[in-house]
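Letter by letter, the chains look like this.
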Amino acid sequence: MKILELVFKTEQHKVRTLQLNYANQNLEADKVQDLMKRISDLDMFKNDGINLYATPVAARYAENSKYPIFGDVKQVA
């Protein structure tokens, strides 16, 4: 499964990544940039008064793959 990662900088210029597991796999760059700008403008994700998603930096898809070595995890529960 591909994960959409939205990369932002905080107001303190630290890098933060927002990961979305069930995102459309065919998003266009301009639409993602617009979405990230809207998230930034909401100014609702704060920690100690610092906006965590202040400046959009990048967006990317990442693979989330698991490679079993042995056993069946489903049978453990």
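It should be noted that the structure appears before, not after, this text.
Criteria and cut-off values
- Residues numbered from 1 in each chain as written.
- Predicted model: local features only at pLDDT ≥ 70, side-chain atom pairs only at ≥ 80, totals over all residues.
- Heavy atoms only, no water.
- Salt bridge = Lys/Arg side-chain N within 4 Å of Asp/Glu carboxyl O.
- Helix = DSSP H or I, 4+ residues; strand = E, 2+ residues; numbered from the N terminus.
- Buried < 20%, exposed > 50% of the residue type's maximum accessible area, 1.4 Å probe, protein only.
- Core = buried A, V, L, I, M, F, W, Y, C linked by side-chain atoms within 4.5 Å.
- Contact = heavy atoms within 4.5 Å.

Caption draft 1: Representation of the pattern of salt bridges in the model. In the structure shown here, the tally under the stated rule is 3 salt bridges. In this structure, the salt-bridge partner of glutamate 5 is arginine 60, at a minimum N-O distance of 2.6 Å. Taken together, the positions of glutamate 5 in strand E1 (residues 2-9) and arginine 60 in strand E5 (residues 55-63) put the pair 55 residues apart, joining distant regions of the chain. On the basis of relative accessible area, arginine 60 is assigned to the partly exposed category, the value being 44%.

Caption draft 2: Geometry of the nonpolar core. Grouped together as the largest cluster of nonpolar side chains are 9 residues: Leu4, Leu6, Phe8, Ala23, Val32, Met36, Ile39, Leu52 and Tyr53. Apart from the residues within four sequence positions on either side, leucine 52 is in contact with Phe8, Lys9, Thr10, Arg16, Phe45, Lys46 and Asn47.

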